[in-house]
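Chain by chain, the residues:
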Amino acid sequence: MDTLDTALAAAWLRAAAAAVDRHAPELTALDSAIGDGDHGSNLRRGFTALAPLLAAPPAGGPGELLRAAGSTLISRVGGASGPLYGSALRALGAALPAAPATAAELAEALAAALASVQRLGGAQVGDKTMVDALAPAAEAFRAAAGQGLPAAAEAAARAAEQGARDTVPLQARKGRASYLGPRSVGHQDPGATSTGLILRALAEAAAAG
Ligand code: ADP
Ligand code: MG
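The text that follows walks through the structure, step by step, so that each part is easy to find. It should be emphasised that the depicted structure is a prediction, and the values quoted were computed from it without experimental measurement.

1. A closer look at the overall build of the protein
Move 1: Secondary structure summary: the protein contains 9 helices and 0 strands in total.
Move 2: Helices and strands appear in the protein in the N-to-C order α-α-α-α-α-α-α-α-α.
Move 3: Here the C-alpha atoms of the protein give a radius of gyration of 16 Å, agreeing with the 17 Å that 2.2 N^0.38 yields for 209 residues.
Move 4: In terms of overall dimensions, the protein has a C-alpha envelope of 45 × 35 × 30 Å along the principal axes.
Move 5: For the protein, the residues scored as buried account for 51% of the 209 residues in total.
Move 6: Taking the contacts inside the protein whose residues are at least 6 apart along the sequence as the reference set, 66% of them involve residues at least 24 apart.
Move 7: Element-wise, carbon and sulfur atoms account for 56% of the exposed surface of the protein, whose accessible area totals about 8500 Å².
Move 8: Distance between charge centres in the protein, computed from 17 positive and 18 negative side chains, equals 5 Å.

Here is the structure:
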């Protein structure tokens, strides 16, 4: 599939929901080490709540579906990650054209999603948050967009997964983990880890589509 249409956006969110469900214990374990142990259950609640939307996607195109999914996450997920992921999806959806999006258009939309997370949360790369996965992913997607959507999504997933691993030696400067100061060093950030899962889900959906 070389454009993001409503079917691919729905397949992506379905794959993301399945991955979050499968990895919820791992996300919660990571959040228990440097947070309050609710990241897996927070995201599972939010992505499970997308089911009615995915069963009957709105007629207005992939952007409208992603915007609606973002609003659902904002209303259903507690904690920092709900508003952050929700605003990311809303910005992503708002930046997409009404027609199916090309890889280049999706690259622009991912940059808008990153900007929205940074506007809301104030985190920079290196602060040990989801931005450490999302920023390199958006950049990798943009750099590979000329190779088509599946290749760009694969590059983005790899960059996000690497970005998540790269959070291990960092000291958290934003969010709950920052309260631990130097004791946050040596653990992988839960939100960067879930961003890796969500972008891996996009790569899988794009490859299958
Ligand atoms: P909470 O921290 O409220 O319990 P979650 O456990 O669901 O919420 O999510 C924690 C994750 O949210 C962190 O691992 C981090 O990646 C992300 N996060 C927290 N604060 C910020 C922020 N200001 N900017 C970007 N991401 C953040
Ligand atoms: Mg938490």
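Now, onward.
2. Focus: the environment of Ala18
Move 1: Secondary-structure assignment places Ala18 in helix H1 (residues 6-34).
Move 2: When its relative accessible area of 35% is taken as the criterion, Ala18 is described as partly exposed.
Move 3: Considered as a pair, Ala18 and Thr48 are 30 residues apart in the sequence and their alpha carbons are 8.8 Å apart.

3. A closer look at the site of ligand 1
Move 1: Taken together, 20 residues form the shell around ligand 1, and within it Asn42, Ala80, Ser81, Gly121 and Asp189 come nearest.
Move 2: Contact distances for ligand 1 include 3.0 Å between an oxygen atom and a side-chain N or O atom of Asp31.
Move 3: For ligand 1, an oxygen atom lies 2.6 Å from a polar atom in the side chain of Asp189.
Move 4: In isolation ligand 1 has 560 Å² of accessible area, and contact with the protein removes 93% of it.
Move 5: Listing elements by their share of the shell around ligand 1, those giving two or more residues are helix H2 (39-48), helix H5 (81-95) and helix H9 (190-208).
Move 6: Sort the elements by how many residues they give to the shell around ligand 1 and H9 lands first, with 3 residues.
Move 7: Looking at the shell around ligand 1 residue by residue, the classes come out as 6 nonpolar, 8 polar and 6 charged.

4. Quick look at the packing of H1 against helix H4 (residues 62-76)
Move 1: Contact geometry for H1 and H4: axes closest at 8 Å, N-to-C directions at 30°. Put simply, H1 runs roughly parallel to H4. Handedness of the crossing formed by H1 with H4: right-handed. From H1, Thr6, Ala9, Ala10, Trp12 and Leu13 reach across to H4, where they touch Pro62, Leu65, Leu66 and Ala69.

5. Some remarks on the pattern of salt bridges
Between side chains of opposite charge, pairing is possible as soon as their charged atoms come close.
Move 1: Overall, the coordinates contain 7 salt bridges when judged by the stated rule.
Move 2: Arg44 is the salt-bridge partner of Asp21, the closest N and O atoms lying 3.0 Å from each other. Taken together, the residues span a long stretch of sequence, with Asp21 in helix H1 and Arg44 in helix H2 at a distance of 23 residues.
Move 3: Here Glu139 makes a salt bridge to Arg142, at a shortest N to O gap of 2.8 Å.

6. Focus: the packing of helix H6 (residues 103-121) against helix H7 (residues 131-144)
Move 1: Between H6 and H7, the least distance of the axes is 9 Å, while the angle of their chain directions is 160°. For the element pair H6 / H7, the angle class is roughly antiparallel. The interaxial crossing formed by H6 with H7 has left-handed handedness. Residue-level inspection shows Ala103, Leu106, Ala107, Leu110, Ala111, Ala113, Leu114, Val117 and Gln118 of H6 in contact with H7, the latter providing Val131, Leu134, Ala135, Ala138, Phe141 and Arg142.
Move 2: Of the residues that constitute the contact of H6 with H7, the class distribution is 13 nonpolar, 1 polar and 1 charged.

Reading the values: the criteria
Residues numbered from 1 in each chain as written. Chains lettered and ligands numbered in written order. Predicted model: local features only at pLDDT ≥ 70, side-chain atom pairs only at ≥ 80, totals over all residues. Heavy atoms only, no water. Helix = DSSP H or I, 4+ residues; strand = E, 2+ residues; numbered from the N terminus. Rg over C-alpha atoms; globule rule 2.2 N^0.38 Å. Buried < 20%, exposed > 50% of the residue type's maximum accessible area, 1.4 Å probe, protein only. Contact = heavy atoms within 4.5 Å. Areas by Shrake-Rupley, 256 points an atom, 1.4 Å probe, with all protein chains shown as cover. Lys, Arg positive; Asp, Glu negative; His and termini not counted. Charge placed at Lys NZ, Arg CZ, Asp CG, Glu CD. Near = heavy atom within 4 Å. Polar contact = N/O pair within 3.5 Å; in protein donor to acceptor, adjacent residues only side chain to side chain. Nonpolar A, V, L, I, M, F, W, Y, C, P; charged D, E, K, R; others polar. Axes fitted to C-alpha atoms, helices over the stretch in contact; angles between N-to-C directions. Parallel < 35°, antiparallel > 145°, perpendicular 65-115°, else oblique. Left-handed = near helix turned anticlockwise from the far one by under 90°. Salt bridge = Lys/Arg side-chain N within 4 Å of Asp/Glu carboxyl O.

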